[in-house]
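# Per-entry structural report
Next come the chains, spelled out residue by residue.
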Amino acid sequence: MTPSVALSGWGRFPTCWTRLAAPRGPTDVKAELSPGGVIARGGGRAYGDSAIGSSRTLDMGRMNRMLAFDYETGTLVAEAGVRLSEIIDVFLPRGFFPFVTPGTKFVSLGGAIAADVHGKNHHKDGSFGAFVEWIDVMGADGEVTRAGPRDNGALFEWTLGGMGLTGIILRAAIRLRPVETAWIKQQTLVAPDLDAALDAFERADEATYSVAWIDCLASGKELGRSLILLGEHASAEDLPPEQRAHPFRTAPRRKRTVPFDAPRFTLNRHTVRAFNAAYWRNGSKREGEALVDWDSYFYPLDAILGWNRIYGRRGFVQFQCVLPLDRARDGLERLLLETSQAGQGSFLAVLKRLGPERGGLSFPMSGYTLALDFPVNRRALALIERLESIAIEHGGRFYLAKDALLGARSLHEADPRAGLFRQMRSERGMNGVFGSRQSDRLLL
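Model, not experiment: these values are computed from the prediction.

## A word on unusual backbone geometry
Backbone torsion omega between Phe-13 and Pro-14 reads -5°, so that peptide bond is classified as cis. Here Pro-14 lies in the loop between β1 (4-7) and β2 (16-21).

## Description of the packing of aromatic side chains
By the definition in use, this model includes 20 aromatic pairs. With a centroid separation of 5.2 Å and an interplanar angle of 90°, the aromatic rings of Tyr-297 and Phe-298 are classed as edge-to-face. Owing to a relative accessible area of 4%, Tyr-297 belongs among the buried residues under this scheme. A relative accessible area of 2% places Phe-298 in the buried class. Through a chain of ring-to-ring contacts, the aromatic side chains of Phe-97, Tyr-209, Trp-294, Tyr-297, Phe-298 and Tyr-299 assemble into a single cluster.

## As for the sheet that holds β2
On the basis of which strands lie adjacent, the open sheet formed by 4 strands has the order β1-β2-β4-β3 and mixed pairing. Strand pairing shows two members of the sheet lacking a second neighbour, β1 and β3 (38-41), which therefore form its edges. Within the sheet, the average angular offset between the axes of one strand and its neighbour, ignoring direction, is 45°. Judged from the 4 bridges that link them, β3 and strand β4 (residues 56-59) form a sheet pairing that is parallel. Across the sheet, Ile-39 pairs through a bridge with Thr-57, a residue of β4.

## Things to note about the side chain of Arg-45
Residue position: Arg-45 is located in the loop between β3 and β4. For the buried Arg-45, no salt bridge is present, and the opposite-charge side chain at shortest range is Asp-302, 4.1 Å distant. Beyond its immediate sequence surroundings of up to four residues, Arg-45 is in contact with Trp-10, Thr-104, Phe-106, Val-107 and Asp-302.

## A word on the environment of Arg-175
Residue placement: Arg-175 occurs in strand β10 (residues 168-178). Between the alpha carbons of Arg-175 and Phe-99 there is a distance of 7.3 Å; along the sequence they are 76 residues apart. Among all residues touching Arg-175, those that are not within four sequence positions of it are Thr-73, Gly-74, Thr-75, Phe-99, Ala-130, Phe-131 and Glu-133. A distance of 2.6 Å separates a polar atom in the side chain of Arg-175 from a polar atom in the side chain of Glu-133.

## Considering the packing of helix α9 (residues 328-342) against helix α10 (residues 378-393)
In contact at an axis separation of 9 Å, α9 and α10 are set at 170° when each is read in the N-to-C sense. Considering the angle they form, α9 stands roughly antiparallel to α10. Note on packing geometry: the crossing formed by α9 with α10 is right-handed. For the pair α9 and α10, contact is made by Gly-331, Arg-334, Leu-335, Glu-338, Thr-339 and Ala-342 and by Leu-383, Arg-386, Leu-387, Ile-390, Ala-391 and Glu-393, respectively.

Thresholds applied
- Residues numbered from 1 in each chain as written.
- Predicted model: local features only at pLDDT ≥ 70, side-chain atom pairs only at ≥ 80, totals over all residues.
- Heavy atoms only, no water.
- Helix = DSSP H or I, 4+ residues; strand = E, 2+ residues; numbered from the N terminus.
- Phe/Tyr/Trp six-rings, centres within 6.5 Å; stacked < 30°, edge-to-face > 60°.
- Buried < 20%, exposed > 50% of the residue type's maximum accessible area, 1.4 Å probe, protein only.
- Pairing = 2+ DSSP bridges.
- Axes fitted to C-alpha atoms, helices over the stretch in contact; angles between N-to-C directions.
- Lys, Arg positive; Asp, Glu negative; His and termini not counted.
- Salt bridge = Lys/Arg side-chain N within 4 Å of Asp/Glu carboxyl O.
- Contact = heavy atoms within 4.5 Å.
- Polar contact = N/O pair within 3.5 Å; in protein donor to acceptor, adjacent residues only side chain to side chain.
- Parallel < 35°, antiparallel > 145°, perpendicular 65-115°, else oblique.
- Left-handed = near helix turned anticlockwise from the far one by under 90°.

Structure follows, in structure tokens:
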């Protein structure tokens with residue numbers, strides 16, 4: 001009998017009991033397929049309950065081999081449990097980097113596909129799925145299907161962003177980006193309010209990477225004040241002469257660890273407001289151009305091991321929505337006003353410009369996405385309900401990889417594709433075998 005354990009996502013909320021297995025290969029995976037609801041789990045970086053099976057969870061960490069690489073095309077074939085950090089460790093010194101990466105390098109390949117993660121370059125390059133050549137997916141009958149843009153295209157599209165509910169991803173072929181160095185040319189722009197921030201994004205639409213930290217507790221004329229970080233991969237000529245001989249060598253980042261859960265009283269509107277104000281002041285002093293290493297630019301939080309403990313023993317939840325371009329300015333103002341007035345501010349408020357959407361349940365669409373983290377408490381949960389209503393009112397949709405609270409009615413009202421996804425799963429016999437605590441909650 002597979003043992004039961006208490007699991008949570010990166011937000012540490014909610015915690016659910018599930019039977020946990022750790023397959024070593026396809027035969028082990030097939031043995032776990034039976035009615036009741038099984039889901040694959042990669043790096044455990046989904047924030048809520050999307051990687052906790054209704055009855056059984058498959059820890060894919062042992063299926064983490066890299067199988068083949070083509071230097072001419074940059075195509076890597078690997079098992080689903082390989083993490084992006086491992087891919088970077090192996091291939092960045094050889095001149096390759098993921099085309100798309102989320103804000104952590106500890107996500108698994110299978111998880112990146114299942115969530116169809118996006119990065120700071122979605123407006124330019126699209127989501128992770130744009131660089132997936134094919135995937136091998138084990139269906140409810142235990143058979144493995146290879147799906148890609150040209151073969152079994154419907155399964156391919158529904159799997160991208162399908163949160164593991166179309167089958168167990170076993171392996172995939174992805175394309176990596178050729179790069180000359182391990183450095184990023186970063187430009188910091190200071191935007192005194194929301195209008196200035198959005199205008200800066202639109203002017204910088206040719207930048208490969210763009211992201212903004214936004215002070216979600218600023219109010220009045222300073223509402224939405226932001227620090228916008230643009231980025232380009234540096235060429236060898238961009239490096240100082242002394243670094244050109246070793247363009248992929250960077251100083252190791254000092255790792256910090258949060259050793260214990262922060263007491264509840266340390267995280268309140270006063271401490272968060274003080275942090276945001278200090279971060280704004282310090283960031284404003286760095287306006288202009290700088291050369292930063294890849295790790296600092298793409299993964300600033302990965303340097304703090306266990307940073308989720310900052311929010312205390314109860315954990316935290318994230319609200320992340322995307323608003324369509326023609327309604328984003330008004331919608332973002334409403335969201336920020338509500339957050340500022342509630343005083344439930346976030347350390348990690350992030351704003352990004354997204355490009356055109358793709359099929360399936362993939363989250364991004366042309367517009368702006370806002371992500372806000374909140375400690376789990378009664379006032380924050382009530383605030384999130386109000387934020388969800390504002391997002392729906394402005395034509396927004398929600399990111400399932402970050403969700404822990406959304407109700408089925410809100411999801412289906414915000415995203416009509418959810419109903420089509422549920423129908424497809426029923427017609428293909430997926431819903432009796434593949435299921436997560438999230439899919440049960442959202443009626444997927």
